[in-house]
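# Residue-level structure breakdown
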Amino acid sequence: MCDIHCFFFLKRITFYRNCVLYHLVKIFKKYEKMRTPLMLRFKGTVIIEIWWHLLIVIIYTGIIVYFHLSIPTLNLDIPDSLISILGVVIGLLLVFRTDTAYDRYWEGRKLWSEMTLHIRTLTRCIWIGVRETEVQHIIEKKSAINILIAFVLATKHYLREEYAHDFDDLKPLLNHLRKFSTPTSNVSMETQRRINVPCKYMAHDIITPSNIPLELAYYISSYVNSVNERNLAEPYIVSSMEIAVIGTMECLTGFERILRTPIPLAYSVHLHHSTWLYILALPFQLVGELKWWTIPVVGLTSFFLLGILSIGWEIENPFGYDANDLPLDDFCQVLQQEILAICERKLPSPNEWIFSHDNYPLSPQSNLNAELLSKKTIQELYRIISPIRGVKYSTCTAPHLDIIREGEETDRLLNGKIKDMIQRKMSR
C-alpha cells in the first residue's frame, strides 16, 4: 500500500515539474519574441565608434553660437545656399561609398557559400564515392575529411590575418603535417621579406605570413590523385573532386581579392575631408536663423553623415571580429558538425529506404507500400498513377504514352462537341 502511495506521489511531482518547465519555456519564448526594438539598440551600431566625433562637433558648434550671440560686432553667419549644393554632393559620395562597401560584404558572403558547397561536395565524394576494401582506406578517407575541416578553419584565420598553426581549433587537425611558410597574397612581398623568419621552411608565430589554406589544398589534391591512381572511385567521382578542389582555390583567390583591393585611398581621404568640411561649415550657415537651436540640428546632421561614413568603413572588410562582420566562427562550426554527421553513418542501400514498409510512393492514389507495389505489373501501376476510364494499355514498356495519346483524342472530341453546340446556338 505504501509503495502505491509513493508511486502516485512521485507521479504527481513529475506532473507538476513538467507543468513548471512548460510554463518556463513558454515565458522564455515569449520573452525571446519581445526583442529590443531596433531604434533602442546600441549593440552592433556605430554609435560607439562616432560618439566622440559627435561630442567634438557639438562643442565646436556651441562655441560658434556663443561667440555669434555674445559679440554683436562679430557676424559669423554666411549664406545658406551652400547647404543645398554641398549636401547633394556629400550625399552622392556617401551613397556610392556605402554601396561599394556592401558589394564587398555581399561578395564575401557569396564566396563563403560557394566554398561551403565545394567542401560538402568533396566530403560526399570522399566518404561515399571512394571504395573501401581495406581498413587503410577508411583511415585515409577520414584523414582527408579532417584536412577539409582544417581548410575551412585555416581560411577563417587566414582572412583575419592570423597565420599560426597552433590555434585551438586547428592544432588537433594539423599536428601530423609539416608547417611551411608559403608566401601569401594578403601582405606585400616587401613586407614578407622584411620579416625575419626563424627557418626558411617553418612558420612558428602568428605574425609570419603563411598561406595555410593553399598548403592544405596540396594535401587534398594528393589524396585525389592517389584515389585516381588506385582506381578506388569512378572517373566521374574523381572529376567532381578535382572540380571541387579548383572551386575552393577560386574562392580563396576571391577572398584575397576582397582583402587586397580596398577602396582607393584617394577616394576615402577625399570623402572624409569633404564630409568634415561640410559639418564644420554647417554651423556658420544656420547660426543666423536658428541661434541656439543650431547645436541640436548640427548634432543630428553629423550623426547621420558620420554614421553612414562609419558603416561603409566597417563593412568594407567583412571577415573581422566586428559585430557587423560575417559570423565566420558560426559558419565553421556548422559546417564542421555537418561533415562529422556525414561521417557517422554509412551509405544507405536504396533497398533499405525505397522498399521500406513505411514508404507509400503512390499516395494518395494508393495506400499500398512500396513492397506490395513491387509485386504488381507495370500496367497496374500506371492505372493507379493515372486512373483514366476507358484507357487501353498496350504491352509496351511505357504505357503512359498510350494515356497521353488517348487524352489528346479525348480533347479533340470535346473541342468538336463544343464547337457544334456553339454553331447550333448561333443558327437559332
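This write-up is about the structure you can find in this document. (Residues numbered from 1 in each chain as written. Predicted model: local features only at pLDDT ≥ 70, side-chain atom pairs only at ≥ 80, totals over all residues. Heavy atoms only, no water.)

### As for the nonpolar core
Residues Trp112, Leu216 and Met241 are the most contacted members of the largest nonpolar core, which totals 55 residues. The element that contributes the greatest number of residues to this core is helix 4 (residues 135–159), accounting for 11 residues. Discounting chain neighbours no more than four positions away, the residues touching methionine 241 are Leu122, Cys125, Ile126, Val130, Val224 and Val227. Ile50, Ile90, Tyr267 and Ile279 belong to the second largest nonpolar core, which has 18 residues in total. (Core = buried A, V, L, I, M, F, W, Y, C linked by side-chain atoms within 4.5 Å. Buried < 20%, exposed > 50% of the residue type's maximum accessible area, 1.4 Å probe, protein only. Helix = DSSP H or I, 4+ residues; strand = E, 2+ residues; numbered from the N terminus. Contact = heavy atoms within 4.5 Å.)

### Quick word on the packing of helix 3 (residues 81–129) against helix 11 (residues 328–343)
In contact at an axis separation of 10 Å, helix 3 and helix 11 are set at 15° when each is read in the N-to-C sense. Relative to helix 11, the element helix 3 lies roughly parallel. Between helix 3 and helix 11 the crossing geometry is right-handed. Across the interface between the two elements, Arg109, Trp112, Thr116, Ile119, Arg120, Thr123 and Trp127 from helix 3 touch Leu328, Phe331, Cys332, Leu335, Glu338, Ile339, Ile342 and Cys343 from helix 11. Residue classes in the contact of helix 3 with helix 11 are distributed as 10 nonpolar, two polar and three charged. (Axes fitted to C-alpha atoms, helices over the stretch in contact; angles between N-to-C directions. Parallel < 35°, antiparallel > 145°, perpendicular 65-115°, else oblique. Left-handed = near helix turned anticlockwise from the far one by under 90°. Nonpolar A, V, L, I, M, F, W, Y, C, P; charged D, E, K, R; others polar.)

### Focus on empty space enclosed by the protein
Empty space left among the atoms is revealed by rolling a probe the size of a water molecule over them. For the coordinates displayed, the defined rule picks out two cavities of 30 Å³ or more. As a volume, the largest cavity reaches approximately 50 Å³. What lines the largest cavity is simply His165, Leu174, Leu177, Arg178, Lys179, Ile212, Glu215, Leu216 and Tyr219. For the lining of the largest cavity, the element with the most residues is helix 7 (residues 212–229), which contributes four residues. Taken together, the residues of the lining of the largest cavity sort by class into five nonpolar, one polar and three charged. Space inside the second largest cavity adds up to approximately 40 Å³. (1 Å grid on protein atoms, 1.4 Å probe; cavity = no way out; pocket = protein on both sides within 12 Å on 5 of 7 lines; lining within 4 Å. Points joined across faces, edges and corners; volume = space filled by probe spheres on them.)

### A few points about unusual backbone geometry
Cis geometry is adopted by the peptide bond preceding proline 364, which originates at serine 363 and carries an omega value of 5°. Counting through the fold element by element, proline 364 comes out in the loop between helix 12 (350–353) and helix 13 (370–373). In this structure, asparagine 231 is a non-glycine residue whose phi angle is positive, near 55°. With respect to the element layout, asparagine 231 can be found in the loop between helix 7 and helix 8 (235–260).

### Here's the deal with the layout of surface pockets
Put simply, the largest pocket is a space of about 360 Å³. What lines the largest pocket is a set of 15 residues, and nearest its centre among them are Glu49, Ile50, Ser310, Trp313 and Glu314. Looking at which element gives the most residues to the lining of the largest pocket, the answer is helix 10 (residues 294–314), with five residues. When grouped by side-chain class, the residues that make up the lining of the largest pocket number seven nonpolar, five polar and three charged.

### Remarks on the environment of leucine 76
Here leucine 76 shows up in the loop between helix 2 (47–70) and helix 3. On the accessibility criterion, leucine 76 (19% relative accessible area) is buried. Measuring from C-alpha to C-alpha, the distance between leucine 76 and valine 287 comes to 7.7 Å, with 211 residues separating the pair along the chain. Not counting the four nearest positions on each side in its chain, leucine 76 is found in contact with Ile64, Phe67, His68, Phe284 and Val287.

### Here's the deal with the environment of valine 65
Within the secondary structure layout, valine 65 lies in helix 2. Classification of valine 65 by relative accessible area gives buried; the value is 0%. Once the C-alpha coordinates of valine 65 and isoleucine 295 are considered, the two residues, 230 residues apart in sequence, prove to be 7.9 Å apart. With near-sequence residues (within four places) excluded, valine 65 lies in contact with Val287, Lys291, Trp292, Thr294 and Ile295.

### Overview of the pattern of salt bridges
Inspection of the entire model under this criterion finds nine salt bridges. The residue arginine 131 makes a salt bridge to glutamate 234 at a minimum N-O spacing of 3.4 Å. Separated by 103 residues along the polypeptide, arginine 131 in the loop between helix 3 and helix 4 and glutamate 234 in the loop between helix 7 and helix 8 bring together distant segments of the chain. Using a relative accessible area of 35% as the deciding quantity, one classes arginine 131 as partly exposed. Since its relative accessible area comes to 37%, glutamate 234 is described here as partly exposed. Between lysine 156 and aspartate 329 there is a salt bridge, with the nearest N and O atoms lying 3.0 Å from each other. Pair noted here: lysine 156 is in helix 4 and aspartate 329 is in helix 11, with a separation of 173 residues, a long-range link. Residue aspartate 329 is classed as partly exposed on the basis of its relative accessible area of 33%. Residues participating in the shared-partner salt-bridge network are Lys156, Arg160, Asp169 and Asp329. (Salt bridge = Lys/Arg side-chain N within 4 Å of Asp/Glu carboxyl O.)

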